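# Structural overview for review
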Amino acid sequence: MNVKKWLAASLICVSALSALAEGLFFWRGIYARPVTAAFADTLLAFLLIMWIVADQRDHPQVERPFDYGFLLILFWLPYLPYYLWRTRRVAGLWMFVGFLGLFSLGFLVQLAIWSVLVMNKQVS
């Protein structure tokens, strides 16, 4: 297994564990963002940046300046859709949607819990 696959698997695992924790906090009525969620969001961003750096080595059409890693840390959010479009075209946009889904998985779990709670309240 290469580095890109390990980073992608780590990204998925951290996102799933973070979504599980955020869902449990929401279900128990703790609405403030705990430290674990902030740490997980930061870890997700760094894993994504490391994935971009590892993936860029397979795509020589994207130029890499001397301070590429530092620039990615600063501008990873606007650079990600551009990079995925430049390297993969339409498939890259689907990857971007997947990354957005991973980053918003905690919100989606909370939304699902809220909808189940509201439905149970209406049935009772």
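We now turn to the structure provided with this report.

Conventions we followed
Residues numbered from 1 in each chain as written. Predicted model: local features only at pLDDT ≥ 70, side-chain atom pairs only at ≥ 80, totals over all residues. Heavy atoms only, no water. Core = buried A, V, L, I, M, F, W, Y, C linked by side-chain atoms within 4.5 Å. Buried < 20%, exposed > 50% of the residue type's maximum accessible area, 1.4 Å probe, protein only. Helix = DSSP H or I, 4+ residues; strand = E, 2+ residues; numbered from the N terminus. Contact = heavy atoms within 4.5 Å. Axes fitted to C-alpha atoms, helices over the stretch in contact; angles between N-to-C directions. Parallel < 35°, antiparallel > 145°, perpendicular 65-115°, else oblique. Left-handed = near helix turned anticlockwise from the far one by under 90°. Salt bridge = Lys/Arg side-chain N within 4 Å of Asp/Glu carboxyl O. Phe/Tyr/Trp six-rings, centres within 6.5 Å; stacked < 30°, edge-to-face > 60°. Patch = residues over 30% accessible without salt bridge, like charges linked within 9 Å, V, L, I, M, F, W, Y side chains within 5 Å. Areas by Shrake-Rupley, 256 points an atom, 1.4 Å probe, with all protein chains shown as cover.

## Describing the nonpolar core
If you look at the biggest cluster of nonpolar residues, it comprises 23 residues, and the most contacted ones within it are Leu48, Ile52 and Phe99. Going through the elements one at a time, helix H1 (3-27), helix H2 (35-56), helix H3 (68-88) and helix H4 (90-103) are the ones with two or more residues in this core. When residues of this core are assigned to their parent elements, the largest contribution, ten residues, is made by H2. Residues in contact with phenylalanine 99, not counting those within four places in the same chain, are Leu11, Leu48, Trp51, Leu80 and Leu84.

## Re the environment of alanine 21
With respect to the element layout, alanine 21 can be found in helix H1. A C-alpha to C-alpha distance of 8.2 Å links alanine 21 and glycine 106, two positions 85 residues apart in sequence.

## Digging into the packing of H1 against H2
Packed helix pairs are characterised by how far apart their axes lie and by the angle those axes make with each other. For the pair H1 and H2, interaxial distance at closest approach is 9 Å and the crossing angle is 165 degrees. Compared by their axis directions, H1 and H2 come out roughly antiparallel. Considering how the two elements wind past one another, H1 and H2 form a crossing that is left-handed. In this structure, H1 uses Val3, Lys4, Leu7, Ala8, Ser10, Leu11, Val14, Ser15, Ser18, Glu22 and Phe25 to contact H2, whose residues at the interface are Thr36, Ala37, Ala40, Asp41, Leu43, Leu44, Leu47, Leu48, Met50, Trp51, Ala54 and Asp55.

## Thoughts on the pattern of salt bridges
A side chain of one charge can pair with a side chain of the opposite charge if their charged atoms are brought near each other. Taken as a whole and judged by the stated rule, the model has three salt bridges. Close ionic contact of lysine 4 with aspartate 58 constitutes a salt bridge, the shortest N to O distance being 2.8 Å. Taken together, the positions of lysine 4 in helix H1 and aspartate 58 in the loop between H2 and H3 put the pair 54 residues apart, joining distant regions of the chain. The salt bridge partner of aspartate 55 is arginine 88, with a shortest N-O separation of 2.7 Å. Linking aspartate 55 in helix H2 with arginine 88 in helix H3, this pair joins segments that are 33 residues apart in sequence. Owing to a relative accessible area of 0%, aspartate 55 belongs among the buried residues under this scheme. Residues joined by salt bridges that share partners form a network here, namely Lys4, Asp55, Asp58 and Arg88.

## Let's talk about the packing of aromatic side chains
Using the criterion set out here, one finds five aromatic pairs in the structure. On the basis of an interplanar angle of 85 degrees and a centroid distance of 6.2 Å, the ring pair of tyrosine 68 and tyrosine 79 is categorised as edge-to-face. Across this residue pair, the class does not change: tyrosine 68 and tyrosine 79 are buried. Ring centres of tyrosine 79 and tyrosine 82 lie 5.9 Å apart, and the angle between their planes is 50 degrees; this geometry places the pair in the tilted category. Here tyrosine 79 and its partner tyrosine 82 are both found in helix H3, three residues apart, which amounts to about one turn of the helix. The exposure class of tyrosine 82 is partly exposed, given its relative accessible area of 44%.

## Concerning a nonpolar patch on the surface
A surface patch of nonpolar side chains, about 540 Å² in accessible area, is lined by Leu17, Leu20, Leu24, Trp27 and Leu117. No other element matches the four residues that H1 contributes to the nonpolar patch. Assignment of secondary structure puts leucine 20 in helix H1. With relative accessibility at 52%, the residue leucine 20 sits in the exposed group.

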